[in-house]
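Listed below, chain by chain, are the residues.
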Amino acid sequence: MSITLFSPVRAVRRLVLQSLFIALAQVWANKARAFLTSLGIIIGVLGVTVVAAGLDGMQGYVLNQFEGIGAKKMWIWGNVPESKRSVMSWTDAKMSTYEARLILDKAQAVDTLTPTCNSNWSVSFGKENLQSVNITGIWPAWHEIEDRQVVYGRPFSKIDDQENRQVCLINEQGIEELNLGTDPTGDYIIVNGRRFLIIGTIETKEMSPMMGGGQSRAEIYIPFSTHKMMNPYSWTNLTVQLHDPKFAEDAKAEIRFILRNHRNLGPEDEDTFDMFVIQSAIEDFNNVARVIGLVMSGVVAISLLVGGIGIMNIMLVSVSERTREIGLRKAMGAKPPVVLLQFLVEAVVLCVIGGLVGLFLGNLLVAAVQFIPNLPIESISIPRWATLLSLGFSAGVGIVFGMFPAIKASILNPIDALRHE
């Protein structure tokens, strides 16, 4: 009884295998024609895999750079709207430490923050004298926000800022340029004519040129209040760390309400400040990458469509060439579904072979790209979804464009087919 139940399944399986072997034999017998026919499929699959690998690698590289900066970060700075530039100065728009504390106290979405200000001053140690060194004033929270740890010595404390202490942190590049010792903690340097005690060495955070980095340079950090004492007119920005980057827009709305209320801005007044969140940039980049992917997918789909039309044409030619064969098979008892399956399988095999060749060439090209010197993308590979999509789409093209020639072959009259010259 089990043999009776499963015999139709076995018959279909045997029929499919026979059709597969016949299809492979036809492809092998007409290798040049099969290659030229499936060329559109090969190019289409090659395009899918290479584009997918390129987009995936680029997206991974850019997102890694964003993560290096910190997805929780937000920057706030003063801004004078164009409509107010005749009545408002940039000094009035500048962020203040009072506003920094106001945001820290009232904004529920904010984890911590630090005001920052920068000046380019001369720095000297012994006989070494550096001009225009970047001196940054910070709060102790800066270490947590920037994830910059102290290698030697200690970080800043609240007392350093409250008492305007003339202490500083220096990075490795600054140590090298000033010819300091490996651990310069306890040494004194002259910053803009003032004597500063080095209390620690800060690690140098490498950033790619894409994010404004590049070659390392000397960096010196001093307490924010000390910097303001030396230069009260320096521009102040706020660097904020959010609790959760998913709610970046809520955080922006909350901070905007606090600042507008503090600055007595009416409903019709423009903001006198501006904000930027890394998470927003990440979302914008993902949207751009998505659009690029859709456009490139459309181009590749057209290539596969052209390849499918080529498959259909060659299958129609194959039906015409093998009319007598079809008539003979029908005269011997082959049913129309059997003939239809034979030609349909042949079209699918032709497309899948083209897809496999395109996938192989795509992997070769991606592997060759790895050897390009100074490639900013650390690693690039074809995503699994692109491989599955390519092969699935190739088989789908074979089914869609092979159906018409297969139907045409299946409905041929055996007598007319046998008379065909």
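Attention in this report is confined to the structure presented alongside it. (Residues numbered from 1 in each chain as written. Predicted model: local features only at pLDDT ≥ 70, side-chain atom pairs only at ≥ 80, totals over all residues. Heavy atoms only, no water.)

Structural notes on the overall build of the chain
Inference 1: Helices and strands together make up the secondary structure of the chain, namely 15 helices and ten strands.
Inference 2: Looking at the chain as a whole, 43% of its 421 residues qualify as buried.
Inference 3: When contacts within the chain are restricted to residue pairs at least 6 apart in sequence, those whose partners lie at least 24 apart make up 78%.
Inference 4: Surface exposure of the chain reaches about 22600 Å², of which carbon and sulfur atoms provide 60%. (Helix = DSSP H or I, 4+ residues; strand = E, 2+ residues; numbered from the N terminus. Buried < 20%, exposed > 50% of the residue type's maximum accessible area, 1.4 Å probe, protein only. Contact = heavy atoms within 4.5 Å. Areas by Shrake-Rupley, 256 points an atom, 1.4 Å probe, with all protein chains shown as cover.)

Some points on the pairing of strand S6 (residues 188-191)
Inference 1: With burial as the criterion, only one face of S6 is covered, namely that bearing Ile189 and Val191; the residues Tyr188 and Ile190 on the opposite face remain uncovered.
Inference 2: Here two bridges tie strand S2 (residues 110-125) to S6, and the two strands are oriented antiparallel to one another. Bridging across to S6, Val123 finds its partner in Val191.
Inference 3: Two strands pair when backbone bridges link them, and S6 and strand S7 (residues 194-202) are joined in this way by four bridges, in the antiparallel orientation. (Pairing = 2+ DSSP bridges.)

Regarding the pattern of salt bridges
As a working rule, side chains carrying opposite charge can pair if their charged atoms are close by.
Inference 1: Scanning all chains against the criterion turns up eight salt bridges.
Inference 2: Between Asp160 and Arg154 there is a salt bridge, and its shortest N-O distance comes to 2.8 Å.
Inference 3: Between Asp271 and Arg256 there is a salt bridge; the shortest N-O distance is 2.7 Å. Here the residue Asp271 occupies a position in the loop between helix H10 (248-262) and strand S10 (273-277), and Arg256 occupies one in helix H10, the gap between them amounting to 15 residues.
Inference 4: Judged by its relative accessible area of 37%, Arg256 is partly exposed.
Inference 5: Each member of the salt-bridge network shares a partner with another, and the members are Arg154, Asp160, Glu163 and Arg165. (Salt bridge = Lys/Arg side-chain N within 4 Å of Asp/Glu carboxyl O.)

Concerning the packing of helix H13 (residues 336-369) against helix H14 (residues 384-410)
Inference 1: Running from N to C, H13 and H14 point in directions that differ by 150°, and their axes come no closer than 7 Å. The angle between the axes of H13 and H14 places the two elements in the roughly antiparallel class. You can see that H13 and H14 cross each other, and the crossing is right-handed.
Inference 2: Among the residues making up the contact of H13 with H14, the classes are represented as 19 nonpolar, six polar and no charged. (Axes fitted to C-alpha atoms, helices over the stretch in contact; angles between N-to-C directions. Parallel < 35°, antiparallel > 145°, perpendicular 65-115°, else oblique. Left-handed = near helix turned anticlockwise from the far one by under 90°. Nonpolar A, V, L, I, M, F, W, Y, C, P; charged D, E, K, R; others polar.)

Topic: the nonpolar core
Inference 1: Ranked by size, the top nonpolar core spans 25 residues in total, and within it Met74, Ile76, Ile103, Val110, Val240, Leu242 and Ile255 carry the most contacts.
Inference 2: Counting only elements with at least two residues in this core, the list comes to strand S1 (73-78), helix H5 (97-106), S2, strand S9 (236-242), H10 and S10.
Inference 3: Once you skip the residues sitting within four places of it in the chain, Leu242 turns out to touch Lys72, Met74, Ala109, Val110, Asp111, Ala248, Ala251 and Val277.
Inference 4: Counting 21 residues, the second-largest nonpolar core is a separate cluster that includes Ile41, Leu304, Ile314 and Leu359. (Core = buried A, V, L, I, M, F, W, Y, C linked by side-chain atoms within 4.5 Å.)

Looking at the packing of aromatic side chains
Inference 1: Applying the stated criterion across every chain, the model contains three aromatic pairs.
Inference 2: Here Trp75 and Phe276 contribute two aromatic rings whose centre-to-centre distance is 6.1 Å and whose plane-to-plane angle is 25°, an arrangement assigned as stacked. In this pair, Trp75 is assigned in strand S1 and Phe276 in strand S10, connecting sequence segments 201 residues apart.
Inference 3: Looking at Trp75, the relative accessible area reads 22%, which means it is partly exposed.
Inference 4: Looking at Arg195, its charged tip hangs above the ring of Tyr188, at a distance of 3.7 Å from the centre. (Phe/Tyr/Trp six-rings, centres within 6.5 Å; stacked < 30°, edge-to-face > 60°. Lys NZ or Arg CZ within 6 Å of the ring centre and 35° of its normal.)

Structural notes on the pairing of S2
Inference 1: As defined by bridge partners, S2 adjoins S9 across seven bridges and the pair is classed as antiparallel. Across the sheet, residue Val110 finds its bridge partner in S9, namely Leu242.

Regarding H14
Inference 1: In a regular helix each residue adds 1.5 Å, so 27 residues correspond to 39 Å; H14 covers 37 Å between its end C-alpha atoms and thus fits that length.
Inference 2: Where H14 bends most, the angle comes to about 45°, and this point is Met403, followed within four residues by the proline Pro405. (Expected span 1.5 Å × (residues − 1). Bend = angle between axes of the 7 residues up to and from the residue.)

Focus: the packing of H5 against H10
Inference 1: Two numbers describe how H5 lies on H10: the axes approach to 10 Å, and their chain directions differ by 135°. With respect to their mutual orientation, H5 and H10 come out oblique. Note on packing geometry: the crossing formed by H5 with H10 is right-handed. Between H5 and H10, the contacting residues are Tyr98, Glu99, Leu102, Ile103 and Lys106 on the first element and Glu254, Ile255, Ile258, Leu259 and His262 on the second.

Some points on the side chain of Thr114
Inference 1: Relative to the assigned elements, Thr114 resides in strand S2.
Inference 2: In this structure Thr114 comes out as buried when scored by relative accessible area, which is 0%.
Inference 3: Of the polar contacts made by the side chain of Thr114, one reaches the backbone nitrogen of Trp139; its length is 2.9 Å.
Inference 4: Residues in contact with Thr114, not counting those within four places in the same chain, are Ile138, Trp139, Trp142, Ile145, Asn237, Leu238 and Thr239. (Polar contact = N/O pair within 3.5 Å; in protein donor to acceptor, adjacent residues only side chain to side chain.)

Digging into the environment of Leu242
Inference 1: Mapped onto the fold, Leu242 is located in strand S9.
Inference 2: Note: C-alpha distance between Leu242 and Gln108 (134 residues apart in sequence) is 9.1 Å.

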